[in-house]
Amino acid sequence: MTHGLFVTLEGSEGVGKSTQLRLLQSALASLGHEVLITREPGGSPGAEDLRQLLLFGKNPLSLRAEILTHFAARADHLDQVINPALAEGQVVICDRFTDSTMAYQGYGRAEGDPDVLDLISRLQSQLGREPDMTFLLEVPRDVARLRLAARGAPVDRYEQSDESFHARVTAGFREIARQNTGRIRRLHLDTHSAEEVNSLIVKDILSQISQG
Ligand code: TMP
């Protein structure tokens, strides 16, 4: 590959993204591909500082400030980590990207307000980088809730939001997938095992690499 492949994984909390990332890294590395696994918000030292502020900051940000901070973190992550790795021909797999801002801030927090969706779209187009392919992982919310409870990790600002927020985020992801059928593939982890979903993702990635 003369330039790399940019893959993103999306979905609500507790859908099993971490398991998929682990399985993907070992499957692709064992086939000889150079793989970089990264995440948002975060992924570069400066963006990780912004992650702390976004998820655990003492004071709530206004919606516009929250959106711009997600994009500030994303710009740093792209400039310092993602774009250089892609230029070296690596496969970059990122846990969340702009679709999360559209789902959480656009559909979740702003309840689909067209002005907010438009602001996020415009910021997105300023970035100069879109994922080559995106996998949207889905499980029923009660399954996701059980997994989150079992994880026992610190509860961040978004996890603390109420059920109606999470329902809007989930519906938002479905709407984003509907509008981007060429890029986004929906995968249901309730009807397929983690291993089956992993095989499907690996197959898609390898087919994209062979075409590129
Ligand atoms: P996670 O790393 O556990 O997925 O947590 C990140 C949280 O941040 C998750 O609740 C989703 C949220 N988030 C947004 O609200 N907007 C964004 O643009 C991104 C990347 C994440």
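This text gives an overview of the structure that appears in the document. Owing to the predicted nature of the structure, the values given are computational and were not obtained by experimental measurement.

**Observations concerning the packing of aromatic side chains**
- As enumerated under the stated definition, the model contains four aromatic pairs in all.
- Relative to F97, the ring of F6 has its centre 5.0 Å away and its plane inclined at 90 degrees; by these criteria the two rings are edge-to-face. In this pair, F6 is assigned in strand β1 (residues 5-10) and F97 in the loop between β3 (91-95) and α4 (98-109), connecting sequence segments 91 residues apart. Grouping residues by exposure puts F6 and F97 together as buried.

**Concerning the site of the ligand**
- Taken together, 14 residues sit near the ligand, with E13, R51, R96, T101 and Q105 positioned nearest.
- Between R51 and the ligand, the recorded distance is 3.0 Å, taken from a side-chain N or O atom to an oxygen atom.
- Between the ligand and the protein, one listed contact pairs an oxygen atom with a side-chain N or O atom of R74 at 3.2 Å.
- Coverage of the ligand by the protein amounts to 94% of the 480 Å² it exposes when considered alone.
- If you list the elements that add at least two residues to the shell around the ligand, you get α2 (45-56), α3 (63-87) and α4.
- Here the element with the most residues in the shell around the ligand is α4; it accounts for four residues.
- In terms of residue class, the shell around the ligand is built from four nonpolar, four polar and six charged.

**Things to note about the packing of α3 against α4**
- Where α3 contacts α4, the two axes come as close as 11 Å, and the packing angle between them is 175 degrees. Accordingly, the angle class assigned to the pair α3 and α4 is roughly antiparallel. Where α3 abuts α4, its residues L63, E66, I67, H70, F71 and R74 lie against T98, T101, Q105 and R109.
- A per-class count over the contact of α3 with α4 returns three nonpolar, four polar and three charged.

**Description of the sheet that holds β1**
- If you walk across this open sheet you meet the five strands as β2-β3-β1-β4-β5, and the pairing is parallel. What marks the edges here is a single partner per strand, and that holds for β2 (35-39) and β5 (184-188). Averaged over all adjacent pairs, the angle separating strand axes in this sheet is 20 degrees, with direction ignored.

**Remarks on the packing of α4 against helix α5 (residues 114-127)**
- In contact at an axis separation of 10 Å, α4 and α5 are set at 165 degrees when each is read in the N-to-C sense. Taken together, α4 and α5 sit at an angle that is classed as roughly antiparallel. Of the two elements, α4 crosses α5, and the hand of that crossing is right-handed. Note on element contacts: α5 touches α4 through V116, L117, I120, S121, Q124 and L127, opposite T98, T101, M102, Q105, G106 and Y107.

**Here we look at α3**
- For α3, with 25 residues, the first-to-last C-alpha span of 34 Å sits near the 36 Å given by 1.5 Å per residue.
- A maximum bend of about 50 degrees is found in α3 at L78.
- Of the residues trailing α3, G89 is marked for its positive phi of about 90 degrees.

Calculation notes
Residues numbered from 1 in each chain as written. Predicted model: local features only at pLDDT ≥ 70, side-chain atom pairs only at ≥ 80, totals over all residues. Heavy atoms only, no water. Phe/Tyr/Trp six-rings, centres within 6.5 Å; stacked < 30°, edge-to-face > 60°. Helix = DSSP H or I, 4+ residues; strand = E, 2+ residues; numbered from the N terminus. Buried < 20%, exposed > 50% of the residue type's maximum accessible area, 1.4 Å probe, protein only. Near = heavy atom within 4 Å. Polar contact = N/O pair within 3.5 Å; in protein donor to acceptor, adjacent residues only side chain to side chain. Areas by Shrake-Rupley, 256 points an atom, 1.4 Å probe, with all protein chains shown as cover. Nonpolar A, V, L, I, M, F, W, Y, C, P; charged D, E, K, R; others polar. Axes fitted to C-alpha atoms, helices over the stretch in contact; angles between N-to-C directions. Parallel < 35°, antiparallel > 145°, perpendicular 65-115°, else oblique. Contact = heavy atoms within 4.5 Å. Pairing = 2+ DSSP bridges. Left-handed = near helix turned anticlockwise from the far one by under 90°. Expected span 1.5 Å × (residues − 1). Bend = angle between axes of the 7 residues up to and from the residue.

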